[in-house]
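Commentary on secondary and tertiary structure
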Amino acid sequence: MDGGLFVANQASDAFAVVETGVAGVGVSYENQPVGVTNRKGHLFVPNVVPYLPVRFAIDTLSLSENHVASAVEQRVAVRQGSGAVVRLNVRMTRNILAVLVDRNGAALKPGGRVRREGHPDVAIGWDGIAYLEDVGEQVSLSALTSDGTVCQATFGVSADVAALSRIGPVSCR
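Residues numbered from 1 in each chain as written. Predicted model: local features only at pLDDT ≥ 70, side-chain atom pairs only at ≥ 80, totals over all residues. Heavy atoms only, no water.

**Thoughts on the overall build of the protein**
Within the protein one finds zero helices and 16 strands. Against the compact-globule benchmark of 16 Å for 173 residues, the protein has a radius of gyration of 22 Å, which places it well outside the compact range. The C-alpha extent of the protein, read off along each of the three principal axes, is 70 × 30 × 20 Å. Put simply, the protein has 173 residues, and 38% of those count as buried. Intrachain contacts of the protein at a sequence separation of at least 6 include 55% that bridge at least 24 residues. Taken together, the 15 basic and 16 acidic charged side chains of the protein have centroids lying 2 Å from each other. (Helix = DSSP H or I, 4+ residues; strand = E, 2+ residues; numbered from the N terminus. Rg over C-alpha atoms; globule rule 2.2 N^0.38 Å. Buried < 20%, exposed > 50% of the residue type's maximum accessible area, 1.4 Å probe, protein only. Contact = heavy atoms within 4.5 Å. Lys, Arg positive; Asp, Glu negative; His and termini not counted. Charge placed at Lys NZ, Arg CZ, Asp CG, Glu CD.)

Structure below.
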């Protein structure tokens, strides 16, 4: 099922295969831990109650800071004597802490907002730090500072940057 071979003593009622795409993700069935995904990101769950929408969920605490889940739970009803694939996809991202400074090299004041196309706005915190999720190798942003001015910044992020690395100072002009 879902490209995998799963072995069980018995699956008398119904069964499910939870697919995350990432190894080592904790999975629960009806709020009870049932195991972790294998190296291919699958977990076989035997003895699922048939015809009743049951809850499958992943343990987000078992994910690293560079993983994002598109959904953390799903309800599925399975016919008796059959199985279902429950997709709770997890993908890798790169998240950084950008240290934003003005033209004079002073950190932007807290309370401003950072905008990036296709991403939600984020707040500028103390020391001009902005937490940016899912960055590529090139980042373009605009910042609305707490005093009402707008500045722009573009900078590169190396592919080998560790999770939550501080990048900067990044000049916002």
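**Observations regarding the nonpolar core**
Val18, Val45, Val48, Phe56 and Val86 are the most contacted members of the largest nonpolar core, which totals 20 residues. Those elements that place two or more of their residues in this core are strand 1 (14–19), strand 2 (26–29), strand 4 (42–48), strand 5 (54–58) and strand 8 (83–87). In this structure, Leu100, Ala130, Leu141 and Val157 belong to the second largest nonpolar core, which totals 19 residues. (Core = buried A, V, L, I, M, F, W, Y, C linked by side-chain atoms within 4.5 Å.)

**Some words on the state of the cysteines**
Inspection of every chain in the model, using the stated rule, returns one disulfide. Between the sulfur of Cys151 and that of Cys172 lies a disulfide, 1.9 Å long from S to S. In this structure the cystine formed by Cys151 and Cys172 twists about its S-S bond by roughly 95°; its chirality is therefore right-handed. Here Cys151, found in strand 15 (residues 150–156), pairs with Cys172, found in the segment after strand 16 (165–171); they are 21 residues apart in sequence, far enough to count as distant. Given the relative accessible area of 3%, Cys172 is considered buried. (Disulfide = S-S within 2.5 Å.)

**With respect to the packing of aromatic side chains**
As enumerated under the stated definition, the model contains two aromatic pairs in all. Here the aromatic rings of Phe15 and Phe44 are separated by 5.5 Å at their centres, their planes lie at 40°, and the arrangement is tilted. Of this pair, Phe15 sits in strand 1 while Phe44 sits in strand 4, placing them 29 residues apart in sequence. Ring geometry for Tyr29 and Phe56: centres 5.3 Å apart, planes at 40°, overall tilted. Of this pair, Tyr29 sits in strand 2 while Phe56 is found in strand 5, placing the two residues 27 residues apart along the sequence. (Phe/Tyr/Trp six-rings, centres within 6.5 Å; stacked < 30°, edge-to-face > 60°.)

**Side note on the sheet that holds strand 7 (residues 73–76)**
On the basis of which strands lie adjacent, the open sheet formed by four strands has the order 3-2-5-7 and antiparallel pairing. Two strands lie at the open edges of the sheet, namely strand 3 (32–36) and strand 7, each paired on one side alone. Strand after strand, the sheet turns through a mean of 25° between neighbouring axes, direction not considered. Bridge analysis of strand 2 against strand 5 gives three bridges, and the strand direction is antiparallel. If you follow Val27 over to strand 5, its bridge partner there is Ile58. (Pairing = 2+ DSSP bridges. Axes fitted to C-alpha atoms, helices over the stretch in contact; angles between N-to-C directions.)

**Quick word on the pairing of strand 14 (residues 138–144)**
Looking along a regular strand, one sees side chains alternate from face to face of the sheet. As paired strands, strand 11 (residues 113–115) and strand 14 are joined by three bridges and run antiparallel to one another. Within the sheet, the bridge partner assigned to Val114 lies in strand 14 and is Ala143. Alignment of strand 14 against strand 15, held across seven bridges, turns out to be antiparallel. Residue pairing in the sheet places Leu144 in a bridge with Val150 of strand 15. Between strand 14 and strand 15, which pair antiparallel and follow one another directly, the connecting turn spans five residues, one of which, Gly148, has a positive phi of 95°.

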